[in-house]
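Here is what each chain is made of, one letter per residue.
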Amino acid sequence: MIGLDQHIKIRTAYTRSINLPRDYQTLELIQAYVPTSRAIQALEQIAAGLGKQSSQRALALIGPYGSGKSVFALFLAALLSPASSPTYRAALVTLREADPVLAGRFGAEQIGERGFLRVPVSGIPDSLVRQLLLALAGAVEQQHGFTKAEIAELQAAAQPGTALDQVVALVRRTQQLWAVIGGSGLLIEIDELGKFLEYESYHPQHREIHLLQLLAESAHEAHAAPLHLVVLLHQGFEYYSHRLGKQLSEEWRKVQGRFNALAFLEPAEQSLRIISAAFESVPSLPDGVMTQLNQWSATLVAAEALPPGLDESSARGRFGRCYPLHPLTLLILPVLCQKIAQNERTLFSYLGSVEPFGLQRRLAEIHWGDWVEPWELYDYFMLNEVGGF
């Protein structure tokens, strides 16, 4: 008797950590993305600043490890890539399915043939000035229309101690050159900003925290190719300033005030939507399985156990798509991932795992009518994520 793995397939695109510079052109990750309520909220803020006029274009996404911030940054970069690129087309199709009106605001006429100059910066314990200018030089080097001298000047300035006004001037000159050759804007995405902030707390003499303020102010200005600045971090700015004195800590809080801050943690109903979207191939379920699902759905409704925003009809659809996860297993899974591990990253790791009690392994072992029950989740996390406990 063949296992359920021959009938049910799971997308496993997000089982590894996202690295912005490495994954910027990975079409599979863009196609597998599920725009959640927080993602839509962030995209609405980005869309509001797509015009050339003055607007708030500095956004800080704050959420715990593995909550989907980095893959959102990939999706946003795809939406702002050249209108003829495969990544742009894939991202627009995905967004159109989730929110057609919002997708219209990211249409080809807004993005343009050359799109945005996209600068991914991956956080490491180092100087923000150095890593930002190196990333900017790398992005420019991949485009036609910039001279070797302009690239060399960016590279030469990429070192701690470079005057912050000079850094901003280089960014603005790049904006202007990009506008001249037909570009629509400049997107700077800084992942793991907290690592730069921690480094800065040990080297406050460089005062690089003020570079973020200067860039955020520059992002507010009207421009033919406006700057959009998106930073991703796990805590607010002040969390990383605990080694500093009161005056410097106050300065850090003022810098954060230049950003629109968005808490990037999805409610349970959205997490269930992400899980159900990971089930790539779900055939019609046997009558006996459907009968059990309907009974359990009714029981959960009567017990008021469904997450807010999820009615009985929607719940039955989610439960059916996520078979063989027992409805209780499905409800527990995102909460467990949030509390003891790395949220969505751990969630996808479980769905793609062939380790003991991982879902891929269980699919190969069980058959129609069997269920993955809550106790199996407990055993999986005890064996494979014991550090969380």
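In this text, all values refer to a predicted model and were calculated from it rather than measured experimentally.

Participant: Tell me about the overall build of the protein, and please be specific about residues and values.
Facilitator: The helix and strand tally for the protein stands at 20 helices and 7 strands. Compactness check: the protein gives a C-alpha radius of gyration of 23 Å against a globular reference of 21 Å for 389 residues, within 12% of the reference. Here the C-alpha coordinates of the protein stretch approximately 70 × 50 × 35 Å along the principal axes. The buried share of the protein, reckoned over its 389 residues, is 53%. Across the protein, every contact between residues at least 6 apart in sequence was considered, and the portion connecting residues at least 24 apart equals 77%. Per element, the accessible surface of the protein, about 16,400 Å² overall, is 51% carbon and sulfur. Averaging the positions of the 32 positive and the 39 negative side-chain charges in the protein gives two centres separated by 5 Å.

Participant: Describe the sheet that holds strand 6 (residues 260-263), and please don't skip the residues or the numbers.
Facilitator: Taken together, 5 strands build an open sheet; the order of strands is 3-4-5-2-6 and the sheet is parallel. Each end of this open sheet is capped by a strand with a single partner; those strands are strand 3 (116-122) and strand 6. On average, each strand axis in the sheet is inclined to that of its neighbour by 15°, with strand direction left out of account. Looking at chain direction, strand 2 (residues 58-62) and strand 6 are connected through 4 bridges and run parallel. For leucine 61, the partnering residue across the bridge sits in strand 6 and is leucine 262. Each of strand 3, strand 4 (185-191) and strand 5 (227-233) is contacted by helix 10 (residues 164-180), which is oriented at about 135° to strand 4, the strand it contacts most.

Participant: Explain the pairing of strand 3 to me, using residue names and the numbers behind them.
Facilitator: Burial runs high along strand 3: 6 of the 7 residues are buried. As paired elements, strand 3 and strand 4 share 7 bridges and run parallel to each other. Note that in strand 4 the partner of proline 120 across the bridge is glutamate 189.

Participant: Report on the nonpolar core, specifying residues and quantitative values.
Facilitator: Judged by nonpolar contacts, the single largest core of 49 residues is most densely connected at Ile190 and Leu212. Beyond its immediate stretch of four places on either side in the chain, leucine 212 contacts Leu128, Ile190, Leu193, Leu197, Leu229, Phe237, Val255 and Phe259. One finds Ala103, Phe106, Ile111 and Leu262 within the second-largest nonpolar core, a separate group that totals 41 residues.

Participant: Any details on the packing of aromatic side chains? Residues and values, ideally.
Facilitator: The full count for this structure, using the stated rule, is 9 aromatic pairs. Centre to centre, the rings of tyrosine 323 and tryptophan 368 are 5.8 Å apart; their planes meet at 10°, and the pair counts as stacked. With tyrosine 323 in the loop between helix 16 (312-321) and helix 17 (327-340) and tryptophan 368 in the loop between helix 19 (359-365) and helix 20 (374-384), the pair connects residues that are 45 residues apart, well separated along the chain. Tyrosine 323 gets classed as buried once you look at its relative accessible area, which sits at 0%. In this structure an aromatic cluster arises from ring pairing among Trp296, Tyr323, Trp368 and Trp371.

Participant: Help me get a handle on the environment of alanine 60, residues and values and all.
Facilitator: For alanine 60, the position within the fold is in strand 2. For alanine 60, a relative accessible area of 0% corresponds to the buried category. Separated by 16 residues in sequence, alanine 60 and leucine 76 have C-alpha atoms that sit 14 Å apart. Residues within four places of alanine 60 in sequence aside, it is in contact with Val231, Leu233, Phe259, Asn260, Ala261 and Leu262.

Participant: Please give an account of the pattern of salt bridges that cites residues and values.
Facilitator: What the rule picks out here adds up to 9 salt bridges. The closest approach of N and O atoms between aspartate 23 and arginine 22, which form a salt bridge, is 3.0 Å. Residue class for aspartate 23 comes out buried when judged on its relative accessible area of 1%. Of the charged contacts in the structure, one is a salt bridge between arginine 173 and glutamate 153, with a shortest N-O distance of 2.7 Å. Pair noted here: arginine 173 is in helix 10 and glutamate 153 is in helix 9 (residues 148-157), with a separation of 20 residues, a long-range link.

Reading the values: rules and limits
Residues numbered from 1 in each chain as written. Predicted model: local features only at pLDDT ≥ 70, side-chain atom pairs only at ≥ 80, totals over all residues. Heavy atoms only, no water. Helix = DSSP H or I, 4+ residues; strand = E, 2+ residues; numbered from the N terminus. Rg over C-alpha atoms; globule rule 2.2 N^0.38 Å. Buried < 20%, exposed > 50% of the residue type's maximum accessible area, 1.4 Å probe, protein only. Contact = heavy atoms within 4.5 Å. Areas by Shrake-Rupley, 256 points an atom, 1.4 Å probe, with all protein chains shown as cover. Lys, Arg positive; Asp, Glu negative; His and termini not counted. Charge placed at Lys NZ, Arg CZ, Asp CG, Glu CD. Pairing = 2+ DSSP bridges. Axes fitted to C-alpha atoms, helices over the stretch in contact; angles between N-to-C directions. Core = buried A, V, L, I, M, F, W, Y, C linked by side-chain atoms within 4.5 Å. Phe/Tyr/Trp six-rings, centres within 6.5 Å; stacked < 30°, edge-to-face > 60°. Salt bridge = Lys/Arg side-chain N within 4 Å of Asp/Glu carboxyl O.

By themselves, these observations are geometric and do not establish any function.
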